[in-house]
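Chain by chain, the residues run as shown.
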Amino acid sequence: MRSLNPNLSDLPPHLYNLIYDNQMFTQLFPQDISGLTIGGVDGGYASRLFIGFDIFAFRAVAVFSTYTPEGIQKTTYYPTKTPPLEIAVSDVGLSLMDFENMGTIRRAITELQIASQVLEQSNKKLDILLLDGSPVIRKPLTKSRKILNYYQTYLSILSRLVLLARKQGIKMAWIVKDSRLNLFTKFLGQIIPFIVEEMSDILSLDYRRIIKRSRDMDLFYYLLEPNVRSMAYHRQFSISKQFNQEFTLYAYYLKTAPFDIPIRVELFQSIHRDQTDLTKEINFISEAILPVSQYNKNYGIPAPIVEADARAKIKKTEIDALFQLIRIRHPTPDLWFYRRKRAPWKF
Amino acid sequence: MAAIGTVVATPDSPSLENIEFIIDKNAQPQIERGQFVTIPKNKNQVVLGIITSIKKYNAYYETIDSSIHEISSRNYEAIFPIKEWENTLANAKPLGEINFTNERITRLKFPVSPGSKIYVASSSIVSKFLGLDKNGIYWGDLSSNNVKIRVSLSRLLRKHLAILAISGAGKSYAASILLEELHKTGSISVLVIDPHGEYSSMVPTNVENTNTKVIRGSFISIGIPELSAWEISEFIPEISVVQTRVLDNIISNIRKKNRNHYGLQDIIQIIDTSEKINVRTKEALIGWLYSLQRTHLFSTETSPNLSELFQPGKIVILDLSEITNLRSRSIIVLHFLSRLYYQRTRGEIPPSLFVIEEAHQFCPQGSRSISKRIIETIAREGRKFYASLCLISQRPVNLSVTALSQCNTNLILRIRNPYDQDFIGKTSEGIDRSTLKMIPDLEIGEALLVGEGINYPTFFRIRSRTFYNKVTSPDLETMADKYKEAWSVKRNTS
């Protein structure tokens, strides 16, 4: 299949409309990134449950480097190289699921706020901004108004961020390192009967069973060569209707290192934009990601994301120190802990 | 003064034994191992420490994988901001707590806090801690703390000094600094045993009245009339008590006849013609005395008269480079040291220092040497009579343990041999394992002073000579060319 690179333009419209490319694979050429400024944003999150209240700690960092032919010329961190933790106390009795949702959404909000601040202050000097993870957060199944409000806040900040990037001409993409999605495998299962003439040998296999058991990343690890991306796939996640500009999300897989699973790249595009523009933008971003991801045969995450991740990560020692501080300042701190943490011994 | 770093919390730091700290990027050029640092505890107290190790850390290179799978055409540093995250960490060993109110230095009883700022220790604090004397012997500089290593003369020499290093590491240079300082102070007299003539060439020829007198080996003679039979027997370790008694009778008879101008040949003749002496004793005695005569050291008079030369501030160098025979050298060392030491015990000469180069030759461990007894005696008892030793050796392991262990101050330069290092560790008081490890890495001109003379083992750079000449030995090629030239002249002449 890899060598045949089937043409997808002959697919029936209900399938063809799901994708944004005519070919399954596109060969890319790592571009010369000298002169470009590429940024990465990532956030960290840690939490502890107590009786009657919960504590969250967040941190998000943006890092952007300007490249020259020799390598990095300058690296800037926002807000600082080692920003302090942002602490939040929730006084509502959250269920475990709500507690998880709250943490995830608030971390995403912190990341987007940092990204927005960077864009507002970058004065158009930033060319590409990469964010860690996927922008897709499904609406939480909860009755908690507080969490739903946070979710709305997230969508609103996300919309503003996408519009701001568009306005400033900054290309923005989300990088998903480890994905369990099977959108592409499902799609592949659907299109095989239509491209069967080109891949007759596949019929000798029980491909449905194989595809059913595969995830996108497993599949593309074998199908993609380094410097090759998959077709872009249309994800069911739209934003910004309130700004009269609807954006929809596209995802594709990109193989950066020969022995690493591919990364998934996701980016928003206006629904009014034509296909050629989108393909150009996808290829531009991909060809800029490749040089900053190709440093190790076994690992191919873009360097700005690796660096932002390292700075945003909340270490266990930081959390321990934080809670030690709370313990020192409160007269009866042990009453807050759940019984299992109060045991006078450790088995 | 700006802080150079911040104390970090690790599983074993800060403790009473170790303080780990992260060095500020701007301060890195001024930090070095062996440097003294302070950590303020409050307004009146600081903790003093010494930097024992420095290491760089960068999480990007924490695992081997980060470099072995690198794609050759691209290196990490071109893609990642790696330099931004390179940190320098150092470990300091806490040495004590200094209280400015009562000016006392006490043992550290409680660790410093993580997050404490760390500073380069001021020269006054370091000088006080090391027990330096502003009027003492100026050996060199601890440049990282801007401290002049001035050691009290009394603390340095009362209990003897040893200078230990491999060949070419600067032992003689270090000793010449000591001589320069003693020359300046002009208080004690010094005898230098110089087997290779290194010191004699240092003495400036264009300066008159330098207080330094060089005596060449060829001008040295030992006057037989000054020696008793028992003293002569010390030059011949194999001589028996019976033979010594016979020799004593003969010398007594000569002296009874008021003869005070006789030599070895005279004694040999008397023994040879005597009919009272047993033939076997006679033959043995004549044999021993002939062996002494063959050294050409003995005469009817002693020269030079060291007692006269040994005035306060005088430095006498016995240049033994012309005497190649080790036995002859040992005889000279034994004779002059014995004479001077006993004169010192009777207060006839000023407090003295005996500098012995290649001390392992004259006072070896595990083998016999004519001069060993007197050196060990001075090492054991000299302190009471203000007679000090400065033993210089490139093979401490071959130097008498009795003598070396009495040298309470050691100046150690570079030593590579592990046996010697181990030996120094055993015989030097106050050297711990980490200090010992640093000795092989010392550069030329760097030294470690340890023991009675200084409160804490200290690495420093030996100062430049100001009075004695700089002597450099020519390289092998130059010497070969010189010989070739001389040889062709000789051939043409013949």
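## Some words on the side chain of Ser230(A)
Logical step 1: Along the chain, Ser230(A) falls in strand S8 (residues 228-230).
Logical step 2: Since its relative accessible area comes to 0%, Ser230(A) is described here as buried.

## Here we look at the domain arrangement of chain A
All names here are of chain A.
Logical step 1: The assigned domain composition of chain A is domain 1 (1-30 + 178-300) and domain 2 (35-174).
Logical step 2: On a C-alpha basis, the centroid separation for the pair domain 1 and domain 2 is 26 Å.
Logical step 3: Across the boundary between the two partners, domain 1 contributes 23 residues, which contact 23 residues of domain 2.
Logical step 4: Summing the contributions of domain 1 and of domain 2, the shared interface buries around 1900 Å²; its carbon and sulfur component is 71%.
Logical step 5: A salt bridge links arginine 166 to glutamate 281; the shortest N-O distance between them is 3.7 Å.
Logical step 6: Across the contact surface, domain 1 and domain 2 share two residue pairs in polar contact (both at pLDDT 80 or more).
Logical step 7: Elements supplying a minimum of two residues to the side of domain 1 that touches domain 2: strand S9 (233-239), strand S10 (247-254), strand S11 (263-270) and helix H7 (275-293).

## Examining the sheet that holds strand S17 (residues 387-393) of chain B
Residues and elements named next belong to chain B.
Logical step 1: Reading across from one edge, S9-S8-S20-S19-S18-S10-S17-S16-S11-S15-S12 is the order of the 11 strands in this open sheet, with mixed pairing throughout. Only two strands of the sheet have a single neighbouring strand rather than two, namely strand S9 (147-151) and strand S12 (212-216). Neighbour-to-neighbour, the strand axes of this sheet turn through a mean angle of 25°, independent of strand direction.
Logical step 2: Judged from the four bridges that link them, strand S18 (residues 409-412) and strand S19 (residues 446-451) form a sheet pairing that is antiparallel. Considered in S19, the bridge of threonine 409 is made with glycine 451.
Logical step 3: The sheet strands contacting helix H5 (residues 171-185) are strand S8 (137-142), strand S10 (161-164), strand S11 (189-194), S12, strand S15 (315-319), strand S16 (352-356), S17, S18 and strand S20 (458-462), and the helix crosses S8 at an angle near 130°.
Logical step 4: Helix H13 (residues 372-381) contacts S16 and S17 of the sheet and is inclined by roughly 125° relative to S17.

## Some details on the domain arrangement of chain B
Residues and elements named next belong to chain B.
Logical step 1: For chain B, the domain assignment lists domain 1 (5-121), domain 2 (151-219 + 314-476) and domain 3 (223-298).
Logical step 2: Each of domain 2 and domain 3 has a C-alpha centre, and the two are 34 Å apart.
Logical step 3: Contact with domain 2, which involves 11 residues of that partner, is made by 12 residues of domain 3.
Logical step 4: Summing both sides of the interface, domain 2 and domain 3 together bury roughly 1000 Å²; the carbon and sulfur share of this comes to 54%.

## Overview of the interface of chain A and chain B
Logical step 1: Listed by partner, the interface residues are 19 residues for chain A and 15 residues for chain B.
Logical step 2: When chain A packs against chain B, close to 1600 Å² is buried across both sides, 59% of that on carbon and sulfur atoms.
Logical step 3: Among the residues of chain A in contact with chain B, Lys81(A), Tyr295(A) and Asn296(A) are the three that bury the most area, contributing 30% of the side total.
Logical step 4: As a salt-bridge pair, Lys81(A) and Glu84(B) come within 3.1 Å of each other at their nearest N and O atoms.
Logical step 5: At the junction of chain A with chain B, the criterion picks out six residue pairs in polar contact (both at pLDDT 80 or more).
Logical step 6: Secondary structure elements with two or more residues in the side of chain A that touches chain B: strand S4 (71-78), H7 and helix H8 (303-312) of chain A.

Quick notes on the rules
- Residues numbered from 1 in each chain as written.
- Chains lettered and ligands numbered in written order.
- Predicted model: local features only at pLDDT ≥ 70, side-chain atom pairs only at ≥ 80, totals over all residues.
- Heavy atoms only, no water.
- Helix = DSSP H or I, 4+ residues; strand = E, 2+ residues; numbered from the N terminus.
- Buried < 20%, exposed > 50% of the residue type's maximum accessible area, 1.4 Å probe, protein only.
- Domains from an automatic or database assignment.
- Contact = heavy atoms within 4.5 Å.
- Buried area = accessible area lost by both parts, 1.4 Å probe.
- Salt bridge = Lys/Arg side-chain N within 4 Å of Asp/Glu carboxyl O.
- Polar contact = N/O pair within 3.5 Å; in protein donor to acceptor, adjacent residues only side chain to side chain.
- Pairing = 2+ DSSP bridges.
- Axes fitted to C-alpha atoms, helices over the stretch in contact; angles between N-to-C directions.

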